[in-house]
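Chain by chain, the residues:
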Amino acid sequence: MEAASPAGPAAPQPRAPGAAGGLGSLLRGLKRQLFTWNVLKTVALGQMLSLCICGTAITSQYLAEIYRVNTPMLQSFINYCLLLLFYTVMLAFQSGSDNLLHILKRKWWKYVLLGLADVEANYLIVRAYQYTTLTSVQLLDCFGIPVLMALSWFVLYARYRVIHLIAVAVCLLGVGTMVGADILAGREDNSGSDVLIGDILVLLGASLYAVSNVCEEYIVKKLSRQEFLGMVGLFGTIISGIQLSIVECKDIASIQWDWKIGMFINVHPFFGQNSFAVLGILSKTDLRSHSLSIRSVSRVLKALVKVVCLM
């Protein structure tokens, strides 16, 4: 057997990938992970939900500032009634374990607590606007994200990386800083106690939103979207109706009704019902992944509306 000639052409040696090659492979890997159907669907539905939430804020703000109609519970009551008429009636015609009566017999008390958390979360956030500023409400509302992550850890057995925990720490630091700044600013105009009350209402409302969202994700993934929306519509209507008769009876009687006020009050439930429906679909993916998307766009739109109203 002859040895290979040393003068022959040498075999090409593989080159170590350079910095450009490593960056290119990293970008391709990120593209494969980010530009998937699930991620794009989550982002798109999150933006749709942001528009719906912004619609509820615009109608509520317009009613309060232009027509002096401060009836958040009335608007929520109509919203829950629409869910009741559609999804709860749908459950009533289901058979087997999905039937409304069967669900009520097994776990009615769980949905009472869920409906209470959802109704009061809406009420506390809207009530907080009477005590603190729009900026504080929007920023402190982010407190719901770490609460949601903590509840997901114990209830949904979600697990997070170190970067997630660092982000939660930064969020909590920002919440504490914002509350301290509100108190210091309030002392200058002798409204520190009122501002603190508003901040506490926002934190409580955000926490209740987190409870409602975690329960929603659990129900949608383990049971069905129709059951969640139907039971929230049923008990939300009952709870908000009772609270409406206690809290806002005089406010409703003092409204000078015309077609414009009626239009805005009825547009609010339209946006609200779409919010519930899209959120129910979106919960089939992951609530933590789209909560930032929802909050970011809705805050931008609300800020733009606020600027337009002040012009």
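Residues numbered from 1 in each chain as written. Predicted model: local features only at pLDDT ≥ 70, side-chain atom pairs only at ≥ 80, totals over all residues. Heavy atoms only, no water.

**A closer look at the overall build of the protein chain**
Here is step 1 of the chain: For the protein chain, the count of helices and strands is 12 helices and zero strands.
Here is step 2 of the chain: Secondary structure elements of the protein chain, listed N to C terminal, follow the sequence α-α-α-α-α-α-α-α-α-α-α-α.
Here is step 3 of the chain: The buried share of the protein chain, taken over its 311 residues, is 42%.
Here is step 4 of the chain: Within the protein chain, contacts between residues at least 6 apart in sequence are counted, and of these 85% link residues at least 24 apart.
Here is step 5 of the chain: Working note: accessible area of the protein chain is about 18,000 Å², and carbon and sulfur atoms make up 69% of it. (Helix = DSSP H or I, 4+ residues; strand = E, 2+ residues; numbered from the N terminus. Buried < 20%, exposed > 50% of the residue type's maximum accessible area, 1.4 Å probe, protein only. Contact = heavy atoms within 4.5 Å. Areas by Shrake-Rupley, 256 points an atom, 1.4 Å probe, with all protein chains shown as cover.)

**Structural notes on the environment of G241**
Here is step 1 of the chain: The residue G241 is located in helix 9 (residues 225-247) in this model.
Here is step 2 of the chain: Given a relative accessible area of 19%, G241 falls into the buried group.
Here is step 3 of the chain: Here the alpha-carbon distance between G241 and I78, two residues 163 residues apart in the chain, equals 9.3 Å.
Here is step 4 of the chain: Discounting chain neighbours no more than four positions away, the residues touching G241 are F77 and G236.

**So, the packing of helix 4 (residues 100-128) against helix 9**
Here is step 1 of the chain: As a packed pair, helix 4 and helix 9 sit with axes 7 Å apart at the nearest point and diverge in direction by 55°. The pairing of helix 4 with helix 9 is recorded here as oblique in orientation. Considering how the two elements wind past one another, helix 4 and helix 9 form a crossing that is right-handed.
Here is step 2 of the chain: The residue inventory of the contact of helix 4 with helix 9, partitioned by class, reads 17 nonpolar, four polar and five charged. (Axes fitted to C-alpha atoms, helices over the stretch in contact; angles between N-to-C directions. Parallel < 35°, antiparallel > 145°, perpendicular 65-115°, else oblique. Left-handed = near helix turned anticlockwise from the far one by under 90°. Nonpolar A, V, L, I, M, F, W, Y, C, P; charged D, E, K, R; others polar.)

**Topic: helix 4**
Here is step 1 of the chain: Under the 1.5 Å per step criterion, the end-to-end length of helix 4 is only 35 Å for 29 residues, more than 12% shorter than the ideal 42 Å.
Here is step 2 of the chain: If you look at helix 4, its biggest bend is around 85°, right at K107. (Expected span 1.5 Å × (residues − 1). Bend = angle between axes of the 7 residues up to and from the residue.)

**Here we look at the pattern of salt bridges**
Opposite charge on two side chains makes pairing possible when the charged atoms of those side chains draw close.
Here is step 1 of the chain: What the rule picks out here adds up to one salt bridge.
Here is step 2 of the chain: Between E227 and K107 there is a salt bridge; the shortest N-O distance is 3.1 Å. Of this pair, E227 sits in helix 9 while K107 sits in helix 4, placing them 120 residues apart in sequence. The exposure classification of E227 matches that of K107, with both residues buried. (Salt bridge = Lys/Arg side-chain N within 4 Å of Asp/Glu carboxyl O.)

**Some remarks on the environment of V202**
Here is step 1 of the chain: Note on placement: V202 falls in helix 8 (residues 192-222).
Here is step 2 of the chain: Distance in space between the C-alpha atoms of V202 and T132 is 9.2 Å, their sequence separation being 70 residues.
Here is step 3 of the chain: Residues contacting V202, with those up to four places away along its chain left out, are I125, A128, V137, L140 and D141.

**Points about the nonpolar core**
Here is step 1 of the chain: If you look at the biggest cluster of nonpolar residues, it comprises 28 residues, and the most contacted ones within it are L63, Y111, L114, F228, M231 and I261.
Here is step 2 of the chain: Going through the elements one at a time, helix 3 (72-92), helix 4, helix 8, helix 9 and helix 11 (259-282) are the ones with two or more residues in this core.
Here is step 3 of the chain: For this core, the leading source of residues is helix 9, giving eight residues.
Here is step 4 of the chain: The residues touching I261, leaving out its near neighbours within four places in the chain, are L63, Y67, V69, I255 and Q256.
Here is step 5 of the chain: Core analysis: the second largest hydrophobic core is formed by 14 residues, V137, V175, L201 and V202 among them. (Core = buried A, V, L, I, M, F, W, Y, C linked by side-chain atoms within 4.5 Å.)

**Let's talk about the packing of helix 3 against helix 9**
Here is step 1 of the chain: Two elements in contact, helix 3 and helix 9, have axes whose closest approach is 7 Å; the angle formed by their N-to-C orientations is 140°. In terms of their interaxial angle, helix 3 and helix 9 are classed as oblique. Every pair of crossing elements has a handedness; the one defined by helix 3 and helix 9 is left-handed.
Here is step 2 of the chain: When grouped by side-chain class, the residues that make up the contact of helix 3 with helix 9 number 15 nonpolar, nine polar and two charged.

**Focus: helix 9**
Here is step 1 of the chain: Between its first and last C-alpha atoms helix 9 spans 31 Å; for 23 residues at 1.5 Å apiece the expected length is 33 Å, and the two agree.
Here is step 2 of the chain: Where helix 9 begins, one side-chain oxygen reaches toward the backbone nitrogen of E227, 3.1 Å away; that side chain belongs to S224. (Polar contact = N/O pair within 3.5 Å; in protein donor to acceptor, adjacent residues only side chain to side chain.)

**A look at the packing of aromatic side chains**
Here is step 1 of the chain: Counted according to the given criterion, the structure contains one aromatic pair.
Here is step 2 of the chain: Above the plane of the ring of W153 lies R159, whose end atom (NZ or CZ) is 4.0 Å from the centre. (Phe/Tyr/Trp six-rings, centres within 6.5 Å; stacked < 30°, edge-to-face > 60°. Lys NZ or Arg CZ within 6 Å of the ring centre and 35° of its normal.)

**Remarks on the confidence of the model for the protein chain**
Here is step 1 of the chain: In this model, the protein chain carries an average pLDDT of 74, and 68% of its residues clear a pLDDT of 70 or more.
Here is step 2 of the chain: Here helix 12 (residues 287-310) is the element of the protein chain with the lowest mean pLDDT, 46, and helix 9 is the one with the highest, 91.
Here is step 3 of the chain: Note on residues 1-6: pLDDT is under 50 here. Beyond four places in sequence and across chains, it has zero contacts.
Here is step 4 of the chain: Taken as a whole, residues 296-311 scores under 50 in pLDDT and shows 22 contacts with residues more than four places along the chain or in a different chain. (pLDDT = per-residue confidence, 0-100.)

**A look at the side chain of S224**
Here is step 1 of the chain: Mapping S224 onto the fold places it in the loop between helix 8 and helix 9.
Here is step 2 of the chain: Accessibility expressed as a relative area gives 19% for S224, which makes it buried.
Here is step 3 of the chain: Polar side-chain contacts of S224 include one of 3.1 Å to the backbone nitrogen of E227.

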